[in-house]
Amino acid sequence: PEKKPPAESEEKNPYLVLVCGGGNAAQVATAMFALRYPTIAVSLYADEAAKWKEALGDDDYELTLDTGKVVKSKPDDITNDPSVAAKADAIVLAVPSFAHGEYFEAFAPYMKPGTLVACMPARSGGDILFAAKLGAKAKDMIFMGFETLPWACRFTEWGRKATILGTKGSILAAVTPPTKFPQAFAILQGCVGVFPHVVESPNNLGISLRNPGAQIHPGVMFGRWCPEKWDGASLPEKPLFYQGVDEFSEGVLNGLTNEVQAIARKMEELVPGLDLKDACTLHQWYLDCYAGQMPDDKTLKGCMNTNPGYRGLTHPCIEADGKYMPDLKYRYLMEDVPTGMCFNKGLGEILGVPMPTTDKVLAWAQECIGMSIMVDGKMCGPDIGKTRAPQATGITTLAAFCEAAAIELVTSVPKSLVLDCPNFRVVFLRHGESVWNVANIFTGWADVDLSPAGELEAIEAGKCLKQNGFKFDVVFTSVLRRSIKTAWTALMHSDNYSMPIINSWRLNERHYGALQGLNKAETAAQHGDDQVKIWRRSYDIPPPSIDLDDERHPCNDPLYKNVPAAALPGAESLALTVERVLPFWFDNIAPCIMSGRSVLVVAHGNSLRAICKYLEKMSETQVLDLNIPTSVPLVYELDQRLRFVRKYYLMDPDEVAAKMAAVANQGKAK
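The rules behind the values
- Here the residue index of a chain counts from 1 through its sequence in written order.
- In keeping with the model being predicted, local features are shown solely for residues with a pLDDT of at least 70 and side-chain atom pairs are shown and tallied solely at 80 or more, while totals for entire chains, interfaces and linings include all residues.
- Excluding hydrogens and water, the side-chain figures rest on all heavy atoms present in the structure.
- Take a side-chain nitrogen of Lys or Arg and a carboxyl oxygen of Asp or Glu: if they are within 4 Å of each other, that pair is a salt bridge.
- Elements are defined by DSSP. Helices are runs of H or I of four residues or more, strands are runs of E of two residues or more, and each kind is numbered from the N terminus.
- Burial classes: relative accessible area under 20% of the type maximum marks a residue as buried, over 50% as exposed, and values in between as partly exposed (1.4 Å probe, protein chains only).
- Axes here mean lines fitted to C-alpha atoms, for a helix over just the part in contact, with angles spanning 0 to 180 degrees between N-to-C directions.
- Oblique is the label for every angle not falling under 35 degrees (roughly parallel), over 145 degrees (roughly antiparallel), or within 65 to 115 degrees (roughly perpendicular).
- Throughout, a residue-residue contact means that at least one pair of heavy atoms, one from each residue, lies within 4.5 Å.
- In the scheme used here, Gly and all other residues not listed as nonpolar or charged are polar, with Ala, Val, Leu, Ile, Met, Phe, Trp, Tyr, Cys and Pro taken as nonpolar and Asp, Glu, Lys and Arg as charged.
- In this description, the term disulfide denotes a pair of cysteine sulfurs within 2.5 Å.
- Two rings belonging to Phe, Tyr or Trp (six-membered ring only in the last case) form a pair when the distance between their centres is within 6.5 Å. Interplanar angles under 30 degrees mark stacking, angles over 60 mark edge-to-face geometry, and anything in between is tilted.
- Two thresholds decide whether a charge sits over a ring: the Lys NZ or Arg CZ must be within 6 Å of the ring centre and within 35 degrees of the ring normal.

A short note on the pattern of salt bridges
- One pass over the full model with this rule turns up 25 salt bridges.
- For Asp89, the salt bridge goes to Lys112, with nearest N and O atoms at 3.2 Å. Residue Asp89 is located in the loop between strand S5 (77-79) and strand S6 (90-93), and its partner Lys112 is located in the loop between helix H3 (100-107) and strand S7 (116-119); the two are separated by 23 residues in the primary sequence.
- Taking relative accessible area as the criterion, Asp89 reaches 19% and is therefore assigned buried.
- Residue class for Lys112 comes out partly exposed when judged on its relative accessible area of 31%.
- Across the salt bridge formed by Asp449 and Lys485, the nearest N and O atoms sit 3.1 Å from each other. With a gap of 36 residues between them, Asp449 in the loop between helix H16 (435-438) and helix H17 (452-467) and Lys485 in helix H18 (residues 481-492) connect regions that are remote in the sequence.
- Relative accessible area serves as the criterion here: at 26%, Lys485 is assigned to the partly exposed category.
- A single salt-bridge network, built from bridges that share partners, covers Asp59, Glu157 and Arg160.

Laid out in structure tokens, this is it:
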């Protein structure tokens, strides 16, 4: 009988997979994928491919699964020839992250459009590196970054036999561009089998910032071997690594992870709709990965000290005369600093996020590994090109970073979103630059005017509101002229003319007490940056108060004659400002929003921070890092119960970041 044509399947559409590397993971992946698909193993490291090919000979590779089942398969080839990439439908990199760039460069001339490139794991900035190495071709490819390897595995006979010790239940993976995730998921899930289940992460930036190795390995090494903790003498035994974490090391790790969280939150603030939920804290990472296995999971230190998987693991050391010295060129620093920590620091620098703990660890680590990456706190050293910092590929702005990461950067809100959004919205606007802002003077409740630049800022804010189709039913401002004039100007230039404007002293700026009217830099020079920072930025410590007979006290200002004298402050902390502002939110602003009115609130940096803290449920520490730029419309979307949904600025993100940095730097000694 006549043979039937092949089905619409692998028989008719052969699918070729390239597996890169020659270590444990690469050999296991090769053996597993070769069970079903044409598979070629590629190693560019020395003569590793030739040695592996010789070791295997004509035999099959023997793989023992964690179920006890033994499977045998044989790759179609084992080679060091990168041109085989021309045949590949999928390329899986199971090599150390420092080698990713070498493989990307070698394969780039040969890859065909639509090729899936998966990194197991991608570590930090894998997608950025991929885009840089492939150039214009990158847009025609699919990049898939995995959080980790699918299995724990080891050789039993190099090049011939391996054992899978355990298979993860699930692993996170992100795809660039995100629209290609269904296609990439189908391919890689088919390769690895039913387990682990490949779970979609919204974007590769979340995978990058989640990278625990970028924080844990350098942080623990610093915590044990920095000059504050180690005198340079050899030790009689190797100290425990993870289970040896003490309070000092925990403090370092918490500092590092909090700085990464600040980066994630700033990115979400600057890029509307960006979801970095998977970029969690180190503590949460342990809870996600080892839930139920750690007797003490209440703190990061407890998670690490009581994790049974870490039992007996020690610091990398070099033995000499029966004693031990730290191996400060081990991969925990040599790999995880350039390919992990430097990505975090570089992105933080672009965003203007302060990273004092990262700076301290990186300065120490780069000396240990003999590299000059960070100079005077900036990612501009001669060895920057050897790292995964965005600056290594010439990226120095948020716009350039988002372009390389294929993150859509929205600089305005589509009219359909403005008009048809099912949630409530409120627009916040901090007043434009004032004449005392220019003079760097503590302003507080002093009723000073806008500067010429502040007037222009208010005009631009109005144009921005008009461009995005905002029409307001009611406007709230403070009783201070810089806020009122900003509101008037912005409304006029957004074609908003007929609506009530309600002024309230409760929306005034924080009262700076005895600092009011003093030059910020001179005050910092006199009292020290640290003391002024406490007065300006601590949550519940007010500056020195002024007496009732001081002309600066609001009880002596006719503007407040109808306000009970006992309610008027002589100085305020941010905590006291929150107590003053929120009653007006609950009693006046929130009911207007709930009634469906379009609301604009034009106020001051600290009175707006008070409302934002409440809406976003920020901690007392988190709100201190919130720097609202002058005269940039800030839109908050709220659900039907006025719970926070998301926020976005109606301005170019790089401009917003620069304005935020300017606010953060006010008050420092020159």
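Some remarks on the packing of helix H21 (residues 574-594) against helix H22 (residues 605-616)
- Two numbers describe how H21 lies on H22: the axes approach to 8 Å, and their chain directions differ by 70°. Looking at the two axes, H21 sits roughly perpendicular to H22. Between H21 and H22, the residues in contact are Leu574, Thr577, Val578, Val581, Leu582, Trp585, Phe586 and Ile589 and Asn606, Ser607, Arg609, Ala610, Ile611, Lys613, Tyr614 and Leu615, respectively.
- Residues that form the contact of H21 with H22 fall into these classes: 11 nonpolar, 3 polar and 2 charged.

Observations concerning the state of the cysteines
- Within the structure shown, the criterion is met by 0 disulfides.
- Not engaged in a disulfide, the cysteine Cys342 finds its nearest cysteine sulfur in Cys380; these two sulfurs lie 12 Å apart.

Quick look at the packing of aromatic side chains
- Counted under the stated rule, the structure contains 27 aromatic pairs.
- Their ring planes at 85° and their centres at 5.7 Å tell us that Phe476 and Phe584 sit as a pair that is edge-to-face. Linking Phe476 in strand S16 (residues 474-477) with Phe584 in helix H21, this pair joins segments that are 108 residues apart in sequence.
- Residue classification places Phe584 among the buried positions, given a relative accessible area of 7%.
- Put simply, the rings of Phe241, Tyr242, Trp285, Tyr286, Tyr290, Tyr310, Tyr330 and Tyr332 touch in pairs and so form one group of aromatic residues.
- Its end group placed over the ring of Trp225, Arg224 keeps NZ or CZ at 4.6 Å from the ring centre.

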